[in-house]
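Analysis of the macromolecular model
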Amino acid sequence: FSSCSSGPSHVSTEKYFLVCANSKIPYWQEATAGLLTAARELRVQAEVAGPETYDANAELDEFRRVVSLKPAGILVSPGNPALLKPEIDAAIAAGIPVITVDSDAPTSKRLFFVGTNNFQAGQLGGKTLAKLLNGKGNVIFFTIQGQENLEERLNGYKAALEDSPGIKIQEVIHMKGDPRIAFDMMMDMSTKNAVPDAIVSLESLSGSEVAEVLDRNKIEGKVIIAMDTATNTLDWIEKGKIAATIMQKPFTMGYYGLKALGEIVLQK
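Residues numbered from 1 in each chain as written. Predicted model: local features only at pLDDT ≥ 70, side-chain atom pairs only at ≥ 80, totals over all residues. Heavy atoms only, no water.

A sheet is described by the order of its strands in space; here 5 strands give the open sequence 7-6-8-9-10, paired in parallel fashion. The sheet is open, and its two edges are formed by strand 7 (167-174) and strand 10 (244-246), each paired on a single side. Neighbour to neighbour, the strand axes of the sheet diverge by 20° on average, direction disregarded. Relative to strand 7, strand 6 (residues 137-143) is paired through 7 bridges, and the arrangement is parallel. Within the sheet, the bridge partner assigned to Ile140 lies in strand 7 and is Glu171. Running at roughly 170° to strand 7, helix 5 (residues 148-161) makes contact with strand 6, strand 7, strand 8 (198-201), strand 9 (223-227) and strand 10 of the sheet. (Pairing = 2+ DSSP bridges. Helix = DSSP H or I, 4+ residues; strand = E, 2+ residues; numbered from the N terminus. Axes fitted to C-alpha atoms, helices over the stretch in contact; angles between N-to-C directions. Contact = heavy atoms within 4.5 Å.)

Attention shifts here to the packing of aromatic side chains. Counted by the stated rule, this structure contains 4 aromatic pairs. For the ring pair Tyr27 and Trp28, a centre distance of 5.3 Å and an interplane angle of 85° mean the geometry is edge-to-face. You'll find Tyr27 and Trp28 in the same group, each marked buried. Ring geometry for Phe141 and Tyr157: centres 5.2 Å apart, planes at 75°, overall edge-to-face. (Phe/Tyr/Trp six-rings, centres within 6.5 Å; stacked < 30°, edge-to-face > 60°. Buried < 20%, exposed > 50% of the residue type's maximum accessible area, 1.4 Å probe, protein only.)

Moving on to helix 4 (residues 118-132). Within an α-helix, residues lying three or four positions from one another point in the same direction, as the helix has 3.6 residues per turn. Between the first and last C-alpha of helix 4 there are 21 Å, a value that for 15 residues agrees with the 21 Å anticipated at 1.5 Å per step. Among the residues making up helix 4, those that are buried are Asn118, Ala121, Gly122, Gly125, Gly126, Leu129 and Ala130. N-capping of helix 4 is provided by Asn117, with a side-chain oxygen placed 3.3 Å from the backbone N of Phe119. Once helix 4 finishes, Asn134 follows within two positions and takes phi at roughly 55°, a positive value. (Expected span 1.5 Å × (residues − 1). Polar contact = N/O pair within 3.5 Å; in protein donor to acceptor, adjacent residues only side chain to side chain.)

Below, the discussion takes up empty space enclosed by the protein. One simple way to see leftover space: roll a probe sized like a water molecule over the atoms. All told, the structure shown has 1 cavity of 30 Å³ or more when counted by the stated rule. The space that makes up the largest cavity amounts to roughly 230 Å³. Every residue lining the largest cavity is counted, 24 residues in all, and those nearest its centre are Ile25, Trp28, Asp102, Gln147 and Glu203. Every element with two or more residues in the lining of the largest cavity is listed here: helix 1 (26-42) and helix 5. By residue number, the principal contributor to the lining of the largest cavity is helix 5, which donates 3 residues. (1 Å grid on protein atoms, 1.4 Å probe; cavity = no way out; pocket = protein on both sides within 12 Å on 5 of 7 lines; lining within 4 Å. Points joined across faces, edges and corners; volume = space filled by probe spheres on them.)

Another point: the environment of Ala21. For Ala21, the location among the structural elements is in the loop between strand 1 (15-19) and helix 1. Non-local contacts of Ala21, meaning those with residues more than four positions away in its chain, are made with Pro51, Thr53, Tyr54, Asp55, Glu59, Ser77 and Gly79.

Summarising the element assignment, Glu62 is placed in helix 2 (residues 56-68). Sequence-wise, Glu62 and Tyr157 are 95 residues apart; in three dimensions their C-alpha atoms are separated by 32 Å. Those residues in contact with Glu62 that lie beyond four places of it in its chain are Val19, Ala49 and Gly50.

This part is about the packing of helix 2 against helix 3 (residues 81-93). Axis separation between helix 2 and helix 3 bottoms out at 10 Å; the angle between their running directions is 5°. By the angle class used here, helix 2 and helix 3 are roughly parallel. For the pair helix 2 and helix 3, the contacting residues are Ala56, Asn57, Glu59, Leu60, Phe63, Arg64 and Val67 in the first and Leu83, Leu84, Glu87, Ile88 and Ala91 in the second. Residue classes in the contact of helix 2 with helix 3 are distributed as 8 nonpolar, 1 polar and 3 charged. (Parallel < 35°, antiparallel > 145°, perpendicular 65-115°, else oblique. Nonpolar A, V, L, I, M, F, W, Y, C, P; charged D, E, K, R; others polar.)

Next comes the structure, spelled out in structure tokens:
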């Protein structure tokens, strides 16, 4: 009769990657902190890869580069799930485990998704918006087209707003991951005296830009709902310009994402 061994363990040469489409924004810095904390605990290597400003095609190139390095596993937040699906499937076929974090690619062969229930997040935002507008007004949304998590958030808002027929969605604006687009569009609306009753940011960058424009132009009485907890977003909440934001847990996504991936690697 022999005693049980403690089972397989990680080796220090194991390397994991987190690939995202906008690596330098505060949201992904927080996720990176979670990833690196988990890597230290597991005694493995981890690195973040991806363009410094939003670019789904550059993310695709980075994902391919990372796959060519034959890492132990990959976490990916697809900026464009349709674009990344064949590459995720190819990585899985090559024996590299892939999980999605923050934004999903549900039709791919990714093993599972770690992140927010984005439809519910949108519903929460929509109910808050309806309350703040007293059930009537026009609203515009800033989003990034083709990104699964943002599409789900928008659907959640729409579902919640079905109970408030007095609230009309005026426009859904694709800001391409570039906060300057949101800033310029809001400046244009301000000049034309065409700012709607409410502005909703479905991603983490545009909320503070909207607040900045309204503050500069001394426009009062508008409802801004943001996403995530970047420092400048929280600053505008304190100043009373942003009414609310929906918080996620990027540190947790990076941390538990890597821990889960590590478990899968040990079971291979």
